[in-house]
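Chain residues, written in single-letter form:
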Protein chains: 2
Amino acid sequence: MNKREDMKQMIERLKQRGVTLTPQRMAVIEFLIKSSNHPCVDTIYQAIKKKYPSISPATVYSTLQLLKEMGEIQELHIRGDRACYDPITWRHHHLLCRSCGRILDVDIDGCPITNNKLIREHRVEEVQAYIYGVCSECLEKERDDKSKS
Amino acid sequence: MNKREDMKQMIERLKQRGVTLTPQRMAVIEFLIKSSNHPCVDTIYQAIKKKYPSISPATVYSTLQLLKEMGEIQELHIRGDRACYDPITWRHHHLLCRSCGRILDVDIDGCPITNNKLIREHRVEEVQAYIYGVCSECLEKERDDKSKS
DNA sequence: ATTCATCTTATAATCACTATTACTTTGTAA
DNA sequence: TTACAAAGTAATAGTGATTATAAGATGAAT
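Residues numbered from 1 in each chain as written. Chains lettered and ligands numbered in written order. Predicted model: local features only at pLDDT ≥ 70, side-chain atom pairs only at ≥ 80, totals over all residues. Heavy atoms only, no water.

Draft legend 1. Spatial organisation of the nonpolar core. Formed by 32 residues in total, the largest nonpolar core has its most connected members in I113(A), I119(A), I131(A), I113(B), I119(B) and I131(B). Elements that contribute at least two residues to this core include exactly strand 3 (93–97), strand 4 (103–106), strand 6 (122–134) and helix 6 (136–148) of chain A together with strand 3 (93–97), strand 4 (103–106), strand 6 (122–134) and helix 6 (136–148) of chain B. Once you skip the residues sitting within four places of it in the chain, I119(A) turns out to touch I113(A), V124(A), V106(B), I108(B) and I131(B). (Core = buried A, V, L, I, M, F, W, Y, C linked by side-chain atoms within 4.5 Å. Buried < 20%, exposed > 50% of the residue type's maximum accessible area, 1.4 Å probe, protein only. Helix = DSSP H or I, 4+ residues; strand = E, 2+ residues; numbered from the N terminus. Contact = heavy atoms within 4.5 Å.)

Given below as structure tokens:
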């Protein structure tokens with residue numbers, strides 16, 4: 001849960017693997033680690049542009065691809081239209097709240113797919129589980145609104 | 001497992017809900033039910049074009065959207081670049097084989113996400129679980145190839 | 001047959017993402 | 001430091017799935 005520490009460690013790993021840590025890449029990494037929103041490319045791009053007005057979307061794309069290939073981030077296809085990114089790489093699931101539109105982390109204890117290397121004779125290399133519904137906060141609000149009316 | 005029966009029932013449900021069953025829509029439904037490949041829009045379009053040369057991709061798109069809204073088919077985003085469709089709507093998971101590229105159905109027994117209405121206080125309305133790996137057939141081939149060499 | 005709503009088709013538009021290429025930065029080695 | 005090759009960035013154009021629009025076709029109801 002210590003983001004500063006997580007970032008330091010990620011940077012250390014990348015350095016040791018010979019990745020050049022340019023200011024642009026650092027900005028992407030920093031934004032990803034600090035955000036808990038699972039941002040999409042444009043969100044990352046717009047945010048970084050404030051500090052680095054000359055940055056190009058292509059750089060954001062290429063940095064994200066690099067980090068993905070290095071196994072440092074996860075690419076989520078929970079929204080049909082664009083990819084979102086998650087700097088947390090241990091296996092967990094995601095919920096897309098249809099009310100507020102946020103993507104939330106959902107960690108599962110006894111999930112059979114995420115815990116096995118084989119499933120029905122198939123080799124499992126990666127799992128993405130996307131849950132669509134309504135998050136606890138929005139459910140709370142629903143209840144409040146109902147009790148008022 | 002009786003596809004003819006499945007199709008009859010789907011058509012009956014659609015009729016009862018006032019959906020006009022045009023020849024084009026019927027062709028999409030028929031192709032979907034008969035295929036066990038989780039086809040994408042273009043695959044469906046190309047196949048139907050043989051029988052209905054004048055059909056437009058827009059019609060395929062709109063029919064799929066209609067069927068999705070009616071809860072008669074599932075839209076899969078297991079491939080990053082295009083949607084695929086599954087006429088089986090009871091909850092099951094999918095495997096994308098990185099070797100042969102096929103999408104296979106994987107039914108799970110003791111899966112906690114698919115069996116609960118609530119998860120960590122969030123309301124679960126729909127679940128899509130995408131497994132990336134190698135299917136059993138391709139694993140078999142791998143083993144055969146190894147033993148030969 | 002006329003009307004009206006709905007469906008289909010063709011076309012253009014959108015938007016995420018990729019490819020290309022010229023320019024800039026970085027790391028390195030004298 | 002300086003020079004230089006390798007790698008990274010940015011601008012631009014290109015691709016391809018999907019959506020929007022508008023004109024024509026269908027089909028039921030009067």
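Here the narrative resumes, following the displayed structure.
Draft legend 2. Summary view of unusual backbone geometry. Residues and elements named next belong to chain A. Despite not being glycine, E121 shows a phi value in the positive range, around 75°. Looking at the element boundaries, E121 is found in the loop between strand 5 (118–119) and strand 6. By relative accessible area, E121 is classed as exposed at 60%.

Draft legend 3. View of the relation of the copies chain A and chain B. Once chain A has been moved 0.0 Å along the axis and rotated by 179°, it coincides with chain B to within an RMSD of 0.2 Å. These values place the two chain copies in the arrangement generated by a two-fold rotation axis. No C-alpha of chain A lies nearer the rotation axis than that of A129(A), which sits 2.0 Å from it. The fraction of interface residues of chain A whose copies in chain B are also interface residues reaches 100%, indicating that both copies meet through the same surface. (Least-squares fit on C-alpha atoms with pLDDT ≥ 70 in both.)

Draft legend 4. Structural detail: the pairing of strand 6 of chain B. Most of strand 6 of chain B sits inside the fold, with ten of its 13 residues counted as buried. Of the pairings in the sheet, the one linking strand 6 of chain A to strand 6 of chain B comprises eleven bridges and is antiparallel in character. The residue bridging G133(A) from the neighbouring strand is V124(B), located in strand 6 of chain B. Sheet topology places strand 3 of chain B next to strand 6 of chain B; four bridges connect them, and they run parallel. Bridging across to strand 6 of chain B, L96(B) finds its partner in Y132(B). Where strand 5 (residues 118–119) of chain B meets strand 6 of chain B, two bridges bridge the pair, whose relative direction is antiparallel. Counterpart to I119(B) in the pairing with strand 6 of chain B is H122(B). Between the end of strand 5 of chain B and the start of strand 6 of chain B, which pair antiparallel, lie two residues, with R120(B) showing a positive phi angle near 45°. (Pairing = 2+ DSSP bridges.)

Draft legend 5. Geometry of the pattern of salt bridges. Scanning all chains against the criterion turns up 20 salt bridges over all chains. Here R102(A) makes a salt bridge to E137(A), at a shortest N to O gap of 3.5 Å. A residue pair is termed long-range when its members are at least 10 positions apart, and R102(A) in the loop between strand 3 and strand 4 and E137(A) in helix 6 qualify at 35 residues. Judged by relative accessible area, which is 46%, E137(A) ranks as partly exposed. Residues joined by salt bridges that share partners form a network here, namely R98(A), E142(A), R123(B), E125(B) and E126(B). (Salt bridge = Lys/Arg side-chain N within 4 Å of Asp/Glu carboxyl O.)

By themselves, these observations are geometric and do not establish any function.
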